[in-house]
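An overview of the molecular structure
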Amino acid sequence: MSDESRPQRTAAVIPAAGRGVRLGPGAPKALRALGGTPMLVHAVRAMARSRAVSLVVVVAPPAETAEVRHLLDEHPLPDRTDVLVVPGGDTRQASVRAGLDALPADVTTVLIHDAARPLVPVDTVDSVVEAVRDGAPAVVPALPLADTVKEVEPGRPGEPEPVLGTPERARLRAVQTPQGFDLKTLLHAHETIAVTGEGATDDAGMVERTGVTVVVVPGHEEAFKVTRPLDLVLAEAVLARRRATDAY
Ligand SMILES: Nc1ccn([C@@H]2O[C@H](COP(=O)(O)OP(=O)(O)OP(=O)(O)O)[C@@H](O)[C@H]2O)c(=O)n1
Ligand SMILES: C[C@](O)(CO)[C@H](O)COP(=O)(O)O
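Nothing here was measured: the structure is a model prediction, and the numbers come from that model.

Here's the deal with the UniProt feature "site: Transition state stabilizer" (unreviewed entry) in the chain
Taking the UniProt record as the reference, the feature "site: Transition state stabilizer" (unreviewed entry) is found at Arg-22 and Lys-29. Its location among the elements puts Arg-22 in the loop between strand 1 (9-15) and strand 2 (33-34). Positionally, Lys-29 belongs in the loop between strand 1 and strand 2. Ignoring sequence-local partners within four residues, the contact set of Lys-29 consists of Gly-18, Arg-19, Gly-20, Leu-23, Met-39 and Ala-116.

Quick look at the structure:
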């Protein structure tokens, strides 16, 4: 079968193996409650809400893999969505790679979505999938910045840092997930980076290093990442508003 006539199956990989150090002491971040339900369950449902996604691969903290499997069995998804659970690695990049390695051969498009972004709306997920299916090999949702950004010479914590410059804000975007990829393009980036030993803080950053053009589509304010304690307060408020206004 030629590449053109092959059915386009879309899977989502959810890296969820981080500890959540910046959120403070407690269970691994993805397992902490948001509105009484683990953050990971919200993130998995957010992917399954897209009719394009028929498989979700959850990359769990290695010590909690069985617990995560049990948790997902307790929170079933629509019949059309399968869920796999695999153990993660020491870095986000290694965890994403573990998720990619678990994908079956018929997957052509992959979304990489942080468990730490539990409230991404389905329209944002769908717009990323659509852009990949329209031919973009790498797509990221992103928002313009509200703050001015300074480049600094990093110093010791608490010490003043000299400013090196002020990038033009109109050209900057704050990048979210899910990031969408033609699977072969992302696998090639992972293989290239394994050889060069470089790292990247997001998946699109890895693809950029292989010379492939990444495009941006509009992100959403509610796709923010739960990183620090105040983010959890905001997430609870957003979820409570949704539950009060629609059948969420
Ligand atoms: N070894 C790792 C590290 C991170 N992640 C995942 O990558 C996503 C984004 O990372 P971040 O928000 O930085 O999560 P943590 O690494 O858990 O946060 P922290 O740096 O505060 O510990 C999260 O869903 C996290 O679970 C992962 O799967 N494997
Ligand atoms: C992938 C990401 O969420 C895009 O903004 C971000 O780069 C993750 O960074 P973190 O340092 O792992 O929180």
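Having seen the model, we can carry on.
With respect to the pairing of strand 1
Two faces make up the sheet, and in a regular strand the side chains alternate between them. Across the 7 residues of strand 1, 6 count as buried, placing the element largely inside the fold. Direction of pairing for strand 1 relative to strand 6 (residues 107-112): parallel, over a ladder of 5 bridges. Its bridge partner being in strand 6, Arg-9 is matched across the sheet by Val-107. Pairing of strand 1 with strand 4 (residues 53-60), which is carried by 6 bridges, proceeds in the parallel orientation. Within the sheet, the bridge partner assigned to Val-13 lies in strand 4 and is Val-57.

Quick look at the site of ligand 1
Among the 22 residues in the neighbourhood of ligand 1, the closest are listed as Pro-15, Ala-17, Gly-18, Arg-22 and Ser-95. Along the lines of polarity and charge, the residues of the shell around ligand 1 split into 8 nonpolar, 7 polar and 7 charged.

A closer look at the nonpolar core
Counting residues in each nonpolar core, the largest one holds 59 residues, and the members touching the most others are Val-13, Ile-14, Leu-40, Val-44, Met-47, Val-56 and Val-58. Per-element tally for this core: the top contributor is helix 1 (residues 39-48), with 8 residues. In contact with Val-58, other than residues within four places in its own chain, are Ile-14, Ala-16, Leu-40, Val-44, Val-68, Leu-72, Val-83 and Val-85.

Things to note about the UniProt feature "site: Positions MEP for the nucleophilic attack" (unreviewed entry) in the chain
Here the UniProt feature "site: Positions MEP for the nucleophilic attack" (unreviewed entry) sits at Arg-169 and Lys-225. One can find Arg-169 in the loop between strand 9 (163-165) and strand 10 (173-175). Arg-169 gets classed as exposed once you count the C-beta atoms within 10 Å, which come to 12. Residues in contact with Arg-169, not counting those within four places in the same chain, are Leu-145, Thr-148 and Val-149. Ignoring any residue separated from it by four or fewer positions in sequence, one finds Lys-225 in contact with Asp-114, Ala-116, Arg-117 and Asp-231.

Quick notes on the site of ligand 2
What surrounds ligand 2 is the set Arg-92, Asp-114, Val-175, Gln-176, Thr-177, Thr-201, Asp-202, Lys-225 and Thr-227. For the shell around ligand 2, the per-class residue count stands at 1 nonpolar, 4 polar and 4 charged.

Quick word on the environment of Ala-174
Mapped onto the elements of the fold, Ala-174 is located in strand 10. The exposure class assigned to Ala-174 is partly exposed, which follows from the 15 C-beta atoms found within 10 Å. In contact with Ala-174, other than residues within four places in its own chain, are Ala-142, Leu-143 and Leu-145.

A few points about helix 2 (residues 65-74)
Count 3.6 residues to each turn of an α-helix, and residues three or four apart come out pointing the same way. For helix 2, the full list of buried residues reads Val-68, Leu-71 and Leu-72. The buried residues of helix 2 occupy an angular sector of 95° when projected down its axis, which confines them to one face. Looking at helix 2, the residues exposed on the side facing more than 90 degrees away from the buried face are Ala-66, His-70, Asp-73 and Glu-74. Next to the buried residues of helix 2 lie strand 3 (37-38), helix 1, strand 4 and strand 5 (82-87).

Calculation rules
Residues numbered from 1 in each chain as written. Chains lettered and ligands numbered in written order. Predicted model: local features only at pLDDT ≥ 70, side-chain atom pairs only at ≥ 80, totals over all residues. UniProt positions renumbered as here; feature names shortened; annotations may be inferred. Helix = DSSP H or I, 4+ residues; strand = E, 2+ residues; numbered from the N terminus. Contact = placed C-beta atoms within 7 Å. Buried ≥ 20, exposed ≤ 12 C-beta atoms within 10 Å, placed from the backbone. Pairing = 2+ DSSP bridges. Near = placed C-beta within 6 Å. Nonpolar A, V, L, I, M, F, W, Y, C, P; charged D, E, K, R; others polar. Core = buried A, V, L, I, M, F, W, Y, C linked by C-beta atoms within 7 Å. Arc of directions from axis to C-beta.

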